[in-house]
Amino acid sequence: MKFEVTDSIHELESEWSSLARAAGNLFGTPEWVRAWQECFGNPNGLRLISARDDGGHLLGVVPLVVDRRGPLRIARFAGHGVGDILGPVVDPSVPGLARAVLSESLDRSVTDWDVFVGERMRESDGWGSDWGDTVVRAEANPTVHLTDWPDWEAFLSSRSKKLRQEIRRDQRVLANQHGMIIHRVAAGDELPPALDKLFRLHTLRFGEQSGFAPHVAFHRRFAALALDRGWLRLWTLEVEGRAVASRYDFSYGNAYYAYNAGRDPSWARGSVGLVLRAHTMEDAFREGVADYRFLRGDEPYKKRFGTTDDRLVSIARARSWLGRRAISLGLRLSELPGARRFVRL
């Protein structure tokens, strides 16, 4: 393979977009990386490492940035903090390509780092301690393979009796007694007020400590791009003429991404969050996507729905004495610089 380095997303954008769609990862798209770089990145720190075969065909892209913590230089994936599934973006038809591309990119194409921290990579892709690196975190990543059921009703029938009764009862009560309306953003002029409701409801649920405020600019930027490309699934549930729950999701490739949400705690007894979740899953069945991805985290509600867990691992690799020292002292991801993901619902 031939490796090249650039800091220009535009140079690779068309080929990279095709590769990301084939790989099936929203968080590996040039749109996600561009929005992240514009909001959080070091203006001079982005390194896009591309791997090509002898015929010039793009096989992989590794979007890296180098952060500093004192004298320690830390290489990380662009998009860290707000992206749930990271790693090299590679042609999925070539076995072992992701590991080869990342290893070569780190060894040959980037020179100024002490420790590499590869955050939230799929364990099923082969990442882990058997690669010779230190695993610094493992996280749940629940998914429902929708193709295992013909429709939403068949899937719901496979869940617990208690869950079925709760969803159907609360849907009925909210619709008949409280005038429930569920709306999905479809036009650009609907987006700003719908995002305002999402941010407000998220803060209502978790308070200012949720850490959402630093990410507002990023999500306004990316949501507009996602709406333009048909990826955005921004839902608002209203009762009695008032917004009480919101979901901020995406449909990309052959998967639905349940990214984040907010709800009014005063409507907890009405299970407005659960009802809206059920609505989005039913809609995903109608869309015909293969997977409903709950994304990272092992929250109890995910266990009520999720059927498989494609765990995510974060690994560290040292290249210098300083890097080895950092790992031996117990590198903590929470202490690294950069964007922090807001509280999940």
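Fair warning: this is a prediction, and the values are worked out from it, not measured in the lab.

About the thresholds
- Residues numbered from 1 in each chain as written.
- Predicted model: local features only at pLDDT ≥ 70, side-chain atom pairs only at ≥ 80, totals over all residues.
- Heavy atoms only, no water.
- Pairing = 2+ DSSP bridges.
- Helix = DSSP H or I, 4+ residues; strand = E, 2+ residues; numbered from the N terminus.
- Contact = heavy atoms within 4.5 Å.
- Polar contact = N/O pair within 3.5 Å; in protein donor to acceptor, adjacent residues only side chain to side chain.
- Salt bridge = Lys/Arg side-chain N within 4 Å of Asp/Glu carboxyl O.
- Buried < 20%, exposed > 50% of the residue type's maximum accessible area, 1.4 Å probe, protein only.
- Phe/Tyr/Trp six-rings, centres within 6.5 Å; stacked < 30°, edge-to-face > 60°.
- Lys NZ or Arg CZ within 6 Å of the ring centre and 35° of its normal.
- Axes fitted to C-alpha atoms, helices over the stretch in contact; angles between N-to-C directions.
- Parallel < 35°, antiparallel > 145°, perpendicular 65-115°, else oblique.
- Nonpolar A, V, L, I, M, F, W, Y, C, P; charged D, E, K, R; others polar.
- 1 Å grid on protein atoms, 1.4 Å probe; cavity = no way out; pocket = protein on both sides within 12 Å on 5 of 7 lines; lining within 4 Å.
- Points joined across faces, edges and corners; volume = space filled by probe spheres on them.

**Q** How should the pairing of strand β8 (residues 142-145) be read in this particular structure?
**A** Across a regular strand the side chains alternate sides, sitting on one face of the sheet and then on the other. Relative to strand β14 (residues 308-309), β8 runs antiparallel, the two being bridged by 2 bridges. Among the inter-strand pairings, T143 is bridged to a residue of β14, identified as T308. Here β8 runs beside strand β13 (residues 291-293); their pairing, made up of 3 bridges, is antiparallel. Its bridge partner being in β13, T143 is matched across the sheet by R293.

**Q** Help me understand the environment of Y257, please; the structure alone is not making it clear to me.
**A** Structurally, the position occupied by Y257 is in strand β12 (residues 255-263). Once you skip the residues sitting within four places of it in the chain, Y257 turns out to touch G24, N25, L26, F27, D249, F250, Y252, R293 and L295. Within the structure, Y257 has its side chain in polar contact with the backbone nitrogen of L26 (distance 3.1 Å).

**Q** Could you clarify how one ought to interpret the pattern of salt bridges in this entry?
**A** Should the charged atoms of two oppositely charged side chains come close, the side chains can pair. In this structure the tally under the stated criterion is 26 salt bridges. For the salt bridge of R296 with E139, the shortest nitrogen-to-oxygen distance reads 3.6 Å. With R296 in the loop between β13 and α9 (300-305) and E139 in strand β7 (residues 134-139), the pair connects residues that are 157 residues apart, well separated along the chain. For E139, a relative accessible area of 13% translates into the label buried. Between R233 and E287 there is a salt bridge, with its nearest N and O atoms 2.8 Å apart. Of this pair, R233 sits in strand β10 (residues 232-239) while E287 sits in helix α8 (residues 272-287), placing them 54 residues apart in sequence. Classification of E287 by relative accessible area gives partly exposed; the value is 32%.

**Q** Sorry, what's going on with the packing of aromatic side chains here?
**A** The geometry of an aromatic ring pair is captured by two quantities: the separation of the ring centres and the angle between the planes. Under the counting rule described, the total for this entry stands at 23 aromatic pairs. With a centroid separation of 6.4 Å and 55 degrees between ring planes, the pair formed by W36 and F40 is classed as tilted. In this structure W36 comes out as buried when scored by relative accessible area, which is 2%. Taking the relative accessible area as the measure of exposure, F40 reaches 25% and is therefore partly exposed. Ring pairing ties together the aromatic residues F27, W32, W36, F40, F218, F222, W231, Y248, F250, Y252, Y257 and Y259, which thus form one cluster. Here the guanidinium or amino end of R184 rests over the ring plane of W235, the centre of that ring lying 5.8 Å away. The ring of F206 is capped by R205, whose NZ or CZ atom sits 4.6 Å from the centre of that ring.

**Q** Any chance you could explain the packing of helix α1 (residues 9-23) against helix α2 (residues 30-39) here in plain terms?
**A** For any two helices packed against each other, the geometry is given by the interaxial angle and the distance between the axes. Where α1 contacts α2, the axes come no closer than 10 Å and their chain directions differ by 150 degrees. Taken together, the axis directions place α1 and α2 in an arrangement best described as roughly antiparallel. Residue-level contacts link I9, H10, E13, W16 and S17 of α1 to P30, E31, V33 and R34 of α2. Looking at the contact of α1 with α2 residue by residue, the classes come out as 4 nonpolar, 2 polar and 3 charged.

**Q** Sorry if this is basic, but what is going on with the sheet that holds β12 here?
**A** Here 7 strands make up an open sheet; going across it, the order is β9-β10-β11-β12-β13-β8-β14 and the pairing mixed. Looking at which strands have only one partner, the edges of the open sheet turn out to be β9 (181-184) and β14.

**Q** Which parts of the structure should I look at to understand the layout of surface pockets?
**A** To locate leftover empty space, one rolls a probe as large as a water molecule over the atoms. Size it by volume and the largest pocket reaches roughly 550 Å³. Lining of the largest pocket is provided by 30 residues; of these, A23, V90, P92, R122 and D125 occupy positions nearest its centre. Looking at the lining of the largest pocket, the elements with two or more residues in it are α1, β5 (89-90), α3 (97-109), β6 (115-122) and β13. Looking at side-chain class alone, the lining of the largest pocket contains 15 nonpolar, 7 polar and 8 charged residues.

**Q** What am I meant to see in the packing of helix α5 (residues 161-178) against α8 here?
**A** Contact pair α5 / α8: the axes reach a minimum separation of 9 Å and the direction vectors enclose 100 degrees. Regarding the angle of α5 to α8, the classification is roughly perpendicular. Where α5 approaches α8, its residues L163, E166, I167, D170, Q171 and L174 are matched on the opposing element by V272, L274, V275 and A278. Residues belonging to the contact of α5 with α8 are distributed by class as follows: 7 nonpolar, 1 polar and 2 charged.

**Q** Got a minute to help me understand the side chain of N25 in this structure?
**A** Structurally, N25 can be placed in the loop between α1 and α2. Polar contacts involving the side chain of N25 include one to the main-chain carbonyl oxygen of I85, which spans 2.9 Å. Ignoring sequence-local partners within four residues, the contact set of N25 consists of A20, I85, L86, Y252 and Y257.

**Q** Explain empty space enclosed by the protein here, please?
**A** Taken as a whole and assessed by the stated rule, the structure comprises 1 cavity of 30 Å³ or more. Taken as a whole, the largest cavity encloses approximately 50 Å³ of empty space. As for the largest cavity, its lining consists of N25, F27, G28, P63, F77, A78, I85, L86, G87 and V89. Broken down by class, the residue content of the lining of the largest cavity amounts to 7 nonpolar, 3 polar and no charged.

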